[in-house]
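# Coordinate inspection notes
Given next are the chains, with one letter for each unit.
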Number of protein chains: 4
Amino acid sequence: MTDRNSSPLAPQAPLATSPFSSEGDDKFHDECGVFGIYKHPESAAHTVLGLHALQHRGQEAAGIVTFDKNQFHSHKSQGHVADNFNSQPIIESLPGDSAIGHVRYSTAGGGGMRNIQPLFADLASGGFAVAHNGNLTNAVTLRQLLVSKGSIFQSTSDSEVLIHLVATSTYQALQDRFIDALRRIEGAFAIVALSKKRLIGARDPLGVRPLVLGKLSDSSYIFASETCALDIIGAEYIRDVEPGEVITIDENGLHSLKPFPVQKPRPCIFEHVYFSRPDSLTDGTSVYKVRKHIGRELAKESKVKADLVVPVPDSGTPAAIGYAQEAGIPFELGIIRNHYVGRTFIEPSDQIRHLGVKLKHNANRGEIEGKIVVLVDDSIVRGTTSIKIVDMVRQAGAKEVHLRIASPPTTDPCYYGVDTPEKDKLLASRMSIEEMTKYIGADSLDFISIDGLYRAVCDADRNPDEPQYCDACFTGEYPTHLTDKNQHDAPEQISFLNESNSKSK
Amino acid sequence: MTDRNSSPLAPQAPLATSPFSSEGDDKFHDECGVFGIYKHPESAAHTVLGLHALQHRGQEAAGIVTFDKNQFHSHKSQGHVADNFNSQPIIESLPGDSAIGHVRYSTAGGGGMRNIQPLFADLASGGFAVAHNGNLTNAVTLRQLLVSKGSIFQSTSDSEVLIHLVATSTYQALQDRFIDALRRIEGAFAIVALSKKRLIGARDPLGVRPLVLGKLSDSSYIFASETCALDIIGAEYIRDVEPGEVITIDENGLHSLKPFPVQKPRPCIFEHVYFSRPDSLTDGTSVYKVRKHIGRELAKESKVKADLVVPVPDSGTPAAIGYAQEAGIPFELGIIRNHYVGRTFIEPSDQIRHLGVKLKHNANRGEIEGKIVVLVDDSIVRGTTSIKIVDMVRQAGAKEVHLRIASPPTTDPCYYGVDTPEKDKLLASRMSIEEMTKYIGADSLDFISIDGLYRAVCDADRNPDEPQYCDACFTGEYPTHLTDKNQHDAPEQISFLNESNSKSK
Amino acid sequence: MTDRNSSPLAPQAPLATSPFSSEGDDKFHDECGVFGIYKHPESAAHTVLGLHALQHRGQEAAGIVTFDKNQFHSHKSQGHVADNFNSQPIIESLPGDSAIGHVRYSTAGGGGMRNIQPLFADLASGGFAVAHNGNLTNAVTLRQLLVSKGSIFQSTSDSEVLIHLVATSTYQALQDRFIDALRRIEGAFAIVALSKKRLIGARDPLGVRPLVLGKLSDSSYIFASETCALDIIGAEYIRDVEPGEVITIDENGLHSLKPFPVQKPRPCIFEHVYFSRPDSLTDGTSVYKVRKHIGRELAKESKVKADLVVPVPDSGTPAAIGYAQEAGIPFELGIIRNHYVGRTFIEPSDQIRHLGVKLKHNANRGEIEGKIVVLVDDSIVRGTTSIKIVDMVRQAGAKEVHLRIASPPTTDPCYYGVDTPEKDKLLASRMSIEEMTKYIGADSLDFISIDGLYRAVCDADRNPDEPQYCDACFTGEYPTHLTDKNQHDAPEQISFLNESNSKSK
Amino acid sequence: MTDRNSSPLAPQAPLATSPFSSEGDDKFHDECGVFGIYKHPESAAHTVLGLHALQHRGQEAAGIVTFDKNQFHSHKSQGHVADNFNSQPIIESLPGDSAIGHVRYSTAGGGGMRNIQPLFADLASGGFAVAHNGNLTNAVTLRQLLVSKGSIFQSTSDSEVLIHLVATSTYQALQDRFIDALRRIEGAFAIVALSKKRLIGARDPLGVRPLVLGKLSDSSYIFASETCALDIIGAEYIRDVEPGEVITIDENGLHSLKPFPVQKPRPCIFEHVYFSRPDSLTDGTSVYKVRKHIGRELAKESKVKADLVVPVPDSGTPAAIGYAQEAGIPFELGIIRNHYVGRTFIEPSDQIRHLGVKLKHNANRGEIEGKIVVLVDDSIVRGTTSIKIVDMVRQAGAKEVHLRIASPPTTDPCYYGVDTPEKDKLLASRMSIEEMTKYIGADSLDFISIDGLYRAVCDADRNPDEPQYCDACFTGEYPTHLTDKNQHDAPEQISFLNESNSKSK
């Protein structure tokens with residue numbers, strides 16, 4: 001899901017503190033995580049835990065909808081799951097044995113409450129709740145059509161299109177309406193939905209965004225964006241929901257449908273590089289292992305004679321371990337991270353603004369002084385953090401600083417549910433590697449090749465005719481139509497409300 | 001507007017502290033006040049003041065929508081206007097030179113935020129905001145129809161029906177769609193609406209709920225539920241919006257339409273008894289004068305030989321003054337009111353629960369001891385407060401306590417936007433005056449006659465064939481169809497969401 | 001109690017919404033109310049109710065200390081009692097069968113928490129809590145002495161001097177230490193104190209500030225600033241604590257001490273004019289009756305040929321009733337008060353600032369138009385509100401506006417626990433009655449004479465040699481030494497901390 | 001500083017999320033960090049940053065006092081520095097060019113506000129603020145003495161004794177009073193203090209708690225608990241404040257005093273094991289290097305034939321790297337930490353309580369399955385977390401789990417400002433290593449020897465006659481008198497107040 005137009009009232013984008021990122025504002029951000037559970041007496045509590053495990057996929061807001069055989073219940077909140085869904089009264093306000101939940105990255109602010117998912121509609125057939133990870137590339141076009149026929153939108157989210165398509169579908173059965181709606185949308189989606197009778201999980205035909213199926217204690221099925229959400233509740237990983245598959249779970253068990261024309265899957269390769277948690281399996285393989293493998297490929301492609309390999313914590317760590325093992329150079333924590341970073345730490349004044357990066361990191365001078373250092377990071381977006389990190393390491397006395405990046409240069413924005421800057425803000429779209437090296441101030445800079453990345457992920461080079469993954473951010477080759485982008489190059493016109501709320505005692 | 005089903009998560013109905021009522025839980029409550037202003041550079045600030053003056057019509061929540069020629073802006077809040085719309089940043093978040101606002105009585109709670117008006121929709125023709133005072137008696141029926149065609153409702157408010165009727169109307173122009181919608185609804189409404197081009201005020205064909213038109217500094221028109229909202233901003237009262245009239249105001253000035261079949265007006269007579277502020281004009285006449293007149297009629301009908309006339313503060317005061325003047329008995333403040341009553345004061349324990357009434361009132365023993373007292377109150381609903389007040393006056397040493405009520409016995413509930421108990425909770429529906437006298441513990445009890453009330457309000461007896469007012473709460477004669485009531489005697493089935501929100505720092 | 005120096009961080013003095021005042025910022029304010037109860041199983045709940053009844057004596061903050069035979073417990077809060085002491089958990093956090101409480105007027109702000117009473121000290125003999133109404137006129141002098149000997153002050157309140165005097169007294173028994181401390185202080189005080197063994201009530205030798213004794217259900221004694229706090233809990237009024245009396249209550253019952261040299265009492269006459277609630281007894285006589293009597297004396301002294309008598313609500317009402325009765329002119333509510341005034345209502349902009357007074361009041365045009373009006377108010381301080389009220393009544397069409405004041409001109413500040421402006425801010429200290437009439441814009445203006453006031457209060461003229469009351473605000477004759485004022489005309493130098501607090505989730 | 005008796009109203013000790021600990025409730029906790037800066041135009045902002053860098057030493061509350069040549073200013077808050085001192089208004093409320101600050105671990109709760117340091121007193125010589133890390137072992141004894149002489153304590157903190165000793169000292173000059181006070185206290189202290197004229201840093205004669213001196217831009221001196229607080233503001237590390245040294249800094253520069261009888265220093269050895277940040281220098285040596293050295297010594301003493309070395313994140317990581325390097329076994333992130341842990345995450349129900357540990361950690365199954373694993377942790381306190389971690393690793397398929405601990409068995413509590421359980425709650429005080437191995441469920445368990453630890457820290461074995469460090473938690477040999485412990489074995493009797501606060505809008 002994405003916001004079409006963010007509220008001007010919203011505070012400036014808070015720095016999200018991703019535990020696996022080195023600097024909130026210079027990473028791509030996955031925009032959502034989803035979770036669903038069917039037929040478990042503690043469905044809400046398990047959804048809370050599942051969303052907590054998926055928190056890295058969306059730190060701004062979270063929501064849960066449950067169904068208790070009689071009524072739907074919802075709690076939504078801005079902020080972290082662990083801070084907002086951790087009280088017994090909230091768990092008790094979410095009764096029922098099936099539930100879906102959603103965590104969300106995106107601009108926040110008072111008005112943002114209406115954009116928090118799951119979305120809910122009271123259809124003629126009863127309540128229907130939907131949580132969506134991904135982004136629809138024809139949402140604006142569909143929205144205009146729906147509004148012209150009398151649909152009233154409550155949010156600025158692309159995901160709301162889906163629920164209006166279901167509401168206005170001419171099919172009779174809810175399941176048919178849902179599939180009718182899915183066939184009309186274009187883009188990337190991993191969806192969990194809840195009706196009075198069933199839990200549904202659906203993944204777009206290319207499988208761009210991940211979705212896995214799990215099982216807990218025989219009778220209870222689970223959908224989640226990543227396997228780490230199964231681990232936290234002790235559930236068993238069964239398999240990935242397949243690209244283009246719609247799985248419905250009801251009293252009679254699990255049913256798999258394939259309602260779309262068959263296409264070659266192209267899951268997002270960046271999930272392996274950065275988005276997924278290192279302890280998750282993506283496409284059935286260990287993310288941590290893949291990242292170490294990337295580090296090893298990187299060491300093969302771009303070796304340096306150095307004294308130590310230092311990860312940019314925490315996201316660069318697995319690749320740095322792989323690099324160090326392959327290169328036979330000691331792995332050391334040359335940068336120490338301060339985990340106590342408030343979500344909106346304001347640098348106290350102009351004079352000390354340059355200290356900013358030190359709020360989160362400090363160079364471990366004892367290890368670095370006088371040494372040749374290989375710094376390993378997962379990616380470079382704008383380059384702003386890289387400059388500060390390299391400088392900090394140099395100030396701590398490093399003799400040389402060589403920066404190695406565990407992904408190819410990111411040259412193009414993502415339209416599939418990842419928060420990326422405009423193309424011209426991407427450092428690699430504007431500069432050669434030589435220029436970037438100079439800009440960042442490193443002694444040398446290198447990126448893994450696209451083929452090296454593919455080898456680490458799937459043991460094969462990239463197939464240029466039929467790429468095995470969506471790698472548009474590295475190649476600019478988008479695997480779907482981009483209807484809205486092509487039709488709406490003018491600023492999008494949703495005349496929506498600037499909204500805020502308050503509440504006195 | 002009314003909620004069809006209140007959230008089970010909502011706290012128990014807080015005691016609303018109406019300044020003109022003696023006890024929050026034993027009065028009829030008007031459910032809303034509306035305000036609109038067109039073409040004034042300080043539209044938001046004036047709407048805040050106007051809603052503040054209308055606060056007695058709805059203390060639970062308030063909302064404002066403005067339009068700045070480009071975009072609509074909204075702020076909504078639970079709680080009082082003076083506590084939630086009093087900061088410069090909030091005023092500044094509501095730019096534009098036209099605005100509408102709404103204050104609301106009703107069950108509160110986290111989930112209630114979505115029921116706060118004005119309602120807003122992003123129609124194909126642009127944004128459209130609506131604020132409604134009254135209640136639609138065919139809302140459930142219309143809602144079912146709309147949902148079956150794909151409309152998705154966001155609130156449990158009857159008023160939302162209106163906006164979906166506008167959105168799905170087959171007419172082209174927004175104004176025609178709005179009138180098309182008004183023709184399909186049944187019940188009581190005083191509505192202000194705001195589009196990109198115009199401010200609209202509309203009143204139902206019977207004129208049950210009030211709506212007045214005012215003017216400020218030549219160019220700026222205003223709609224408001226009562227004239228006190230004109231006074232606070234120094235605006236001039238022009239006239240009442242007529243029953244069945246739709247007034248639109250745009251660049252070209254004011255236009256009056258009468259789109260409904262003509263009917264004899266029947267405005268709510270209880271506005272004169274209790275709802276309206278004493279400093280307002282209702283139907284062009286002073287509410288304070290009418291209430292004193294009621295007191296005088298009451299004295300004529302039901303004189304007592306007494307030492308002093310004591311109002312039940314504050315709503316009984318004007319009638320008590322009239323009674324005292326007519327009867328030639330001294331008017332004294334025999335009951336002193338404590339204005340510092342928290343909105344949710346919990347009586348600290350069972351043992352001292354009987355002290356409850358004293359949180360708000362204390363008998364002025366020095367005046368009352370040994371005296372024959374006429375207590376004057378505006379109405380009796382359940383009788384719970386009357387019992388306590390009479391007892392308190394007696395405990396303070398009154399020789400006799402004679403209770404006189406400035407309205408006829410309230411025997412029937414209201415379906416036109418007034419919060420009333422079920423019929424069997426209304427004391428007068430279950431008891432004769434003799435039984436009530438005994439139940440309440442007064443030495444005598446009397447009510448003004450229905451004809452006496454009419455004489456005070458319009459200088460004429462009630463016309464039984466064509467009553468001049470809606471007096472259904474006294475007579476059970478409802479002036480409109482009650483479609484939902486007749487079709488939906490089973491508990492209404494809107495399978496809506498139990499919703500709550502939170503927000504961590 | 002008073003603050004010596006208010007925090008520069010504190011927000012500008014919020015407009016306190018006294019229910020008996022017409023405008024928060026143009027009245028004298030009593031600065032505190034006290035309450036104590038001994039040996040009642042619901043001591044905290046009763047103290048909450050008692051403080052609620054005394055809320056008009058201090059709306060800014062409140063505190064309660066209880067003792068449960070083992071430990072002392074405290075809850076303090078900024079804001080109203082009804083909003084902050086109304087939850088069961090707070091009542092339960094205050095166990096024990098004896099309690100004292102305090103409500104406080106004064107500058108608020110984060111740092112103000114430490115100034116909220118009761119003050120508490122862990123003395124060698126055990127815990128000791130004190131609540132004080134009044135003001136010590138030698139507090140600065142004593143504080144300097146105590147600090148030089150090693151006492152560390154935690155607040156800026158004059159009252160803290162008392163507790164350090166107790167702590168450092170050379171007497172052995174706590175009661176002797178307390179009396180030793182009382183003998184060293186100068187000024188006005190009504191004090192309740194609580195130790196492990198006893199509840200103490202003490203009143204200064206002149207009895208400037210009030211304190212009454214009551215009884216509940218045989219065994220339980222109560223101290224309170226006014227009798228209305230007895231009424232709310234159904235307690236019996238026994239008598240006033242006498243000027244110069246110290247009453248201790250313990251297991252063995254009630255003991256009265258008179259530890260001071262005997263002086264003629266001089267209780268504050270302004271308690272009758274404005275401070276006390278109309279339903280209280282002050283010096284054993286009904287405040288409401290006295291105020292009506294003042295109105296009658298005023299009518300005798302300063303009659304007007306008029307159409308109606310209109311009170312400035314609510315504090316002018318009893319005097320207006322008396323005036324109307326004496327003068328034989330109809331009493332009418334010509335000004336209607338809006339009770340929904342937020343505590344910090346900010347006028348939305350400069351352009352509409354002049355509307356300010358209408359936030360609280362609206363003229364009842366129907367009664368006033370074309371009439372000669374006598375407006376009755378209780379006092380004039382700066383005159384700012386009077387100007388607006390007179391103008392509002394005139395704008396509503398009054399033919400003539402005659403303002404009558406139920407107290408003599410206030411020419412001098414109070415040093416005994418009443419918040420008054422500097423002398424040169426008092427209108428009557430700078431202008432003659434003629435000048436004031438013109439300044440305020442009334443057709444005529446008159447005040448009751450000082451002898452007229454005395455006649456209303458005690459049926460006798462003022463005795464110029466030995467005045468029966470403290471009337472310094474009208475006469476400038478202060479009944480005590482003013483040690484600090486004479487020694488500290490330079491700005492007082494307490495180098496105290498500017499303090500603020502916050503708390504993240 | 002420590003609380004003598006915690007409030008019964010306080011919530012159960014929240015789980016502090018130390019970024020370097022594996023589980024909040026099973027570690028020793030350093031109880032405070034201090035910071036002071038003299039003569040810098042941005043003293044408050046730098047103190048905020050310094051405290052942020054010291055946050056791991058006290059996560060519950062923080063406070064800052066500044067002096068602006070005229071007045072002292074303070075802000076205190078519960079919660080993290082980054083969440084509570086990050087706004088421009090708060091920085092602006094702390095003007096001045098000198099400042100001291102404090103972060104605090106300890107039980108929180110409403111009443112805790114008064115225990116937040118710096119403490120402040122308005123002495124005869126002017127304001128004086130103190131921040132203390134450590135614990136006084138004769139505080140109760142001194143407190144009783146001071147109270148008996150009339151001192152009134154405001155907190156339950158041992159540190160308040162110090163400020164009353166200063167206030168009541170018979171010396172004249174403030175500096176002499178302060179040294180007089182220091183000579184009377186016993187135990188561990190690293191103190192920064194601020195008066196109108198100087199900044200003072202003081203360290204107890206044994207140097208148990210650390211304190212360093214730094215310099216920023218020529219003129220500005222800094223005290224801090226650790227060098228990481230110098231790094232964050234770009235200050236230069238000069239040297240440690242020496243054990244028994246009192247350094248005063250004023251207009252004339254820096255002055256060193258040694259007012260105590262000389263003793264052999266015995267700094268806390270646990271600072272090296274766990275408390276200090278790995279990027280700090282303690283006693284001039286790199287904490288990270290020492291921890292890796294401990295890991296290497298541990299590998300020498302207790303080698304295992306294993307497939308991989310896995311740290312218990314994050315505190316076990318440096319020792320694990322050292323262990324892996326020495327043992328020649330691959331270092332792998334076999335446990336992944338979830339950083340999004342709310343401060344008060346409540347496990348949603350009994351049924352899923354066993355999932356608790358997974359809120360923070362997940363085993364990285366891909367690395368662990370089928371492998372022999374060496375787990376490295378820094379210490380074992382109660383053993384509760386170790387059981388869960390070992391079980392989690394085993395459930396993830398490890399063939400064998402060998403636990404190695406980078407400190408000797410912790411057998412005794414600390415009385416010098418570290419939060420430790422009672423002796424009988426310490427696992428190692430009750431069990432042999434064999435019993436612990438079985439209890440925890442590891443295949444083997446071993447601790448580094450005390451001599452091994454000394455070798456890693458100071459390249460020499462422990463000198464049993466004159467130990468070079470305070471190692472009481474491993475040996476039970478306390479280097480100071482424990483006056484209170486010996487005199488007050490009965491429960492301590494401070495009859496203090498149970499206090500809470502609230503604030504209505």
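Quick caveat: nothing in here was measured; it's all calculated off a predicted structure. (Residues numbered from 1 in each chain as written. Chains lettered and ligands numbered in written order. Predicted model: local features only at pLDDT ≥ 70, side-chain atom pairs only at ≥ 80, totals over all residues. Heavy atoms only, no water.)

### Side note on the overall build of chain A
Threshold: The numbering of helices and of strands both runs from the N terminus, where a helix is a DSSP run of H or I of at least 4 residues and a strand a run of E of at least 2. Burial classes: relative accessible area under 20% of the type maximum marks a residue as buried, over 50% as exposed, and values in between as partly exposed (1.4 Å probe, protein chains only). We call two residues in contact whenever any of their non-hydrogen atoms come within 4.5 Å of each other. Only the protein chains shown count as covering a residue, and every accessible area follows the Shrake-Rupley method with a 1.4 Å probe.
Check the secondary structure of chain A and you find 17 helices and 24 strands. Expressed as a percentage of its 505 residues, the buried residues of chain A come to 69%. A separation of at least 24 residues holds for 70% of the contacts in chain A among residues at least 6 apart in sequence. Approximately 16200 Å² of chain A is accessible, and the part contributed by carbon and sulfur atoms is 49%.

### Digging into the sheet that holds strand S20 (residues 372-377) of chain D
All names here are of chain D. Just so we agree on the cut-off: In this analysis, strands are considered paired if DSSP registers two or more bridges between them. For helices, the fitted axis covers only the stretch in contact; all axes are lines through C-alpha atoms, and the angles between them, taken along N-to-C directions, range from 0 to 180 degrees.
Sheet architecture is open: four strands sit in the order S17-S20-S21-S23, paired in parallel fashion. Where the open sheet ends on each side, the last strands, each with one partner, are strand S17 (308-311) and strand S23 (444-447). The sheet shows a mean angle of 20 degrees between the axes of neighbouring strands, direction not considered.

### Some remarks on the packing of aromatic side chains
Worth spelling out the cut-off: Planes of paired rings set the category: under 30 degrees apart is stacked, over 60 is edge-to-face and the rest tilted, where pairs are Phe, Tyr or Trp rings (Trp by its six-membered ring) whose centres lie within 6.5 Å.
Tallying each qualifying case throughout the model produces 42 aromatic pairs over all chains. Look at Tyr454(D) and Tyr469(D): their rings are 5.7 Å apart centre to centre, the planes differ by 75 degrees, and that puts the pair in the edge-to-face class. On the criterion of sequence distance, the pair formed by Tyr454(D) in helix H15 (residues 450-458) and Tyr469(D) in the loop between H15 and helix H16 (472-475) is long-range, its members being 15 residues apart. An aromatic cluster is defined as three or more aromatic residues linked by ring pairs; in this entry it consists of Phe270(A), Tyr274(A), Phe275(A) and Phe474(A).

### Section: the sheet that holds strand S8 (residues 187-195) of chain C
Residues and elements named next belong to chain C. Pairing is antiparallel in the open sheet, where six strands are placed in the order S6-S7-S8-S9-S13-S14. Edge positions in the sheet fall to strand S6 (119-123) and strand S14 (253-257), since each has one partner strand and no second. For this sheet the average axis-to-axis angle between neighbouring strands, irrespective of direction, equals 20 degrees. By the bridge criterion, five bridges tie S8 to strand S9 (residues 199-203) in an arrangement that is antiparallel.

### A few points about the domain arrangement of chain A
Residue and element names in this part refer to chain A. To keep things clear, this is the line we draw: The domain limits used here are those given by an automatic or database domain assignment. The buried area of a pairing is the accessible area, by a 1.4 Å probe, that goes missing from both parts when the two are put together, added over both. When a carboxyl oxygen of Asp or Glu is within 4 Å of a side-chain nitrogen of Lys or Arg, the pair counts as a salt bridge. The definition of a polar contact used here is a pair of N or O atoms within 3.5 Å, where within protein one atom must be able to donate a hydrogen and the other to accept one, and adjacent residues in sequence count solely through side-chain atom pairs. In this classification, Asp, Glu, Lys and Arg are treated as charged, Ala, Val, Leu, Ile, Met, Phe, Trp, Tyr, Cys and Pro as nonpolar, and every other residue, Gly included, as polar.
As far as domains go, chain A holds domain 1 (30-266) and domain 2 (286-475). Put simply, the middle of domain 1 and the middle of domain 2, counted by C-alpha atoms, are 33 Å apart. On the domain 2 side, the residues contacting the 16 residues of domain 1 number 13 residues. Interface of domain 1 and domain 2: buried area, both sides summed, is about 1100 Å²; carbon and sulfur atoms make up 50% of it. At the surface where domain 1 touches domain 2, the tally comes to two salt bridges. When the shortest N-O distance is used, the salt bridge between aspartate 471 and arginine 266 registers 4.0 Å. Between domain 1 and domain 2 we count five residue pairs in polar contact (both at pLDDT 80 or more) in total. Secondary-structure elements contributing two or more residues to the side of domain 1 that touches domain 2 are strand S7 (126-136) and strand S8 (187-195). Considering only residue class, the side of domain 1 that touches domain 2 consists of four nonpolar, six polar and six charged.

### Some points on the nonpolar core
Buried together is how nonpolar side chains tend to be arranged in soluble globular proteins. For clarity, the cut-off: Definition used in this section: a nonpolar core is a set of buried Ala, Val, Leu, Ile, Met, Phe, Trp, Tyr and Cys residues joined via side-chain atoms within 4.5 Å.
Core analysis: the largest hydrophobic core is formed by 96 residues, its most contacted members being Phe270(A), Tyr323(A), Phe270(D) and Tyr323(D). With 95 residues, the next largest nonpolar core counts Val381(B), Val418(B), Ile321(C) and Cys473(C) among its residues.

### Digging into helix H9 (residues 287-301) of chain A
Residues and elements named next belong to chain A. Rule in force here: Helix span, expected: 1.5 Å multiplied by one less than the number of residues in the helix.
Here H9 contains 15 residues, and its C-alpha end-to-end distance of 21 Å stays within 8% of the 21 Å for a straight helix at 1.5 Å per residue. Within H9, burial applies to Val287, Tyr288, Val290, Arg291, Lys292, His293, Ile294, Gly295, Glu297, Leu298 and Ala299. For H9, the N-terminal capping position is held by serine 286, with its side-chain oxygen 3.4 Å away from the main-chain nitrogen of tyrosine 288.

### With respect to the UniProt feature "active site" (unreviewed entry) in chain A
Heads up, the rule is: UniProt positions are given in the numbering used here, feature names are shortened, and annotations may be inferred rather than shown by experiment.
Residues annotated by UniProt as "active site" (unreviewed entry) correspond here to Cys32(A). Since its relative accessible area comes to 0%, Cys32(A) is described here as buried.

### Quick look at the pairing of S14(C)
Residues and elements named next belong to chain C. Bridge analysis of strand S13 (residues 246-250) against S14 gives five bridges, and the strand direction is antiparallel. Paired with isoleucine 249 across the bridge in S14 is leucine 254. A loop of two residues connects S13 with S14, the two strands running antiparallel in sequence.

### Some points on the side chain of Thr411(A)
All names here are of chain A. With respect to the element layout, threonine 411 can be found in the loop between strand S21 (400-405) and strand S22 (418-419). Reaching out from threonine 411, the side chain makes a polar contact with the backbone oxygen of phenylalanine 474 at a distance of 3.4 Å. Among all residues touching threonine 411, those that are not within four sequence positions of it are Lys423, Leu426, Ala428, Ser429, Cys473, Phe474 and Thr475.

### Here's the deal with the pattern of salt bridges
Within this structure, the stated rule accounts for 94 salt bridges over all chains. Among the ionic pairs, Arg198(B) bridges to Asp250(B), the shortest N-O distance being 3.4 Å. Here Arg198(B), found in the loop between strand S8 (187-195) and strand S9 (199-203), pairs with Asp250(B), found in strand S13 (residues 246-250); they are 52 residues apart in sequence, far enough to count as distant. Given a relative accessible area of 11%, Asp250(B) falls into the buried group. Between Glu477(C) and Arg462(C) there is a salt bridge, and its shortest N-O distance comes to 3.1 Å. One end of the pair, Glu477(C), is in the loop between helix H16 (472-475) and helix H17 (483-487); the other, Arg462(C), is in the loop between helix H15 (450-458) and H16, with 15 residues separating them in the sequence. Here the salt bridges share partners, and the residues they tie into one network are Glu297(A), Lys300(A), Glu301(A), Arg455(A) and Asp461(A).

### Some words on the side chain of Glu367(C)
Checked against the element boundaries, Glu367(C) lands in helix H11 (residues 365-368). Under the relative-accessibility criterion, Glu367(C) is labelled buried at 4%. Apart from the residues within four sequence positions on either side, Glu367(C) is in contact with Tyr288(B), Lys289(B), Lys292(B), Leu308(C) and Glu332(C).

### What about the packing of H9(A) against helix H10 (residues 317-327) of chain A?
Residues and elements named next belong to chain A. Filter applied, for reference: Oblique is the label for any angle not under 35 degrees, not over 145, and not in the 65 to 115 range, which are roughly parallel, roughly antiparallel and roughly perpendicular in turn. Should the near helix be turned counterclockwise from the far one by less than a right angle, the crossing is left-handed, whereas a clockwise turn marks it as right-handed.
Where H9 meets H10, the axes come as close as 7 Å, and the angle between the chain directions of the two elements is 45 degrees. Considered as vectors, H9 and H10 are oriented oblique to each other. The way H9 lies across H10 gives a crossing that is right-handed. Contact residues: H9 offers Tyr288, Arg291, Lys292, Gly295, Arg296, Leu298, Ala299 and Lys300, while H10 offers Pro318, Ala319, Ile321, Gly322, Tyr323, Gln325, Glu326 and Ala327. Taken together, the residues of the contact of H9 with H10 sort by class into eight nonpolar, three polar and five charged.

### Section: helix H4 (residues 139-148) of chain B
Helical periodicity: at 3.6 residues per turn, an α-helix aligns residues three or four positions apart in one direction. Selection rule: Directions are taken from the helix axis to each C-beta atom, and the arc is the one they span.
Along H4(B), the residues classified as buried are Ala139(B), Val140(B), Leu142(B), Arg143(B), Leu146(B) and Val147(B). The buried residues of H4(B) occupy an angular sector of 160 degrees when projected down its axis, which confines them to one face. Along its buried surface, H4(B) packs onto strand S6 (119-123) of chain A together with strand S7 (126-136), helix H5 (159-168), helix H6 (174-184) and helix H17 (483-487) of chain B. In the segment just after H4(B), Gly150(B) is the residue with positive phi, at about 110 degrees.

### What about the environment of Pro243(B)?
All names here are of chain B. Relative to the elements of secondary structure, proline 243 occurs in the loop between strand S12 (236-240) and S13. Residue proline 243 is classed as partly exposed on the basis of its relative accessible area of 25%. On a C-alpha basis, the gap between proline 243 and valine 208 in space is 7.8 Å, while along the polypeptide they are 35 residues apart. With residues near it in sequence (within four places) discarded, proline 243 still touches Arg203, Asp204, Pro205, Leu206, Gly207 and Pro265.

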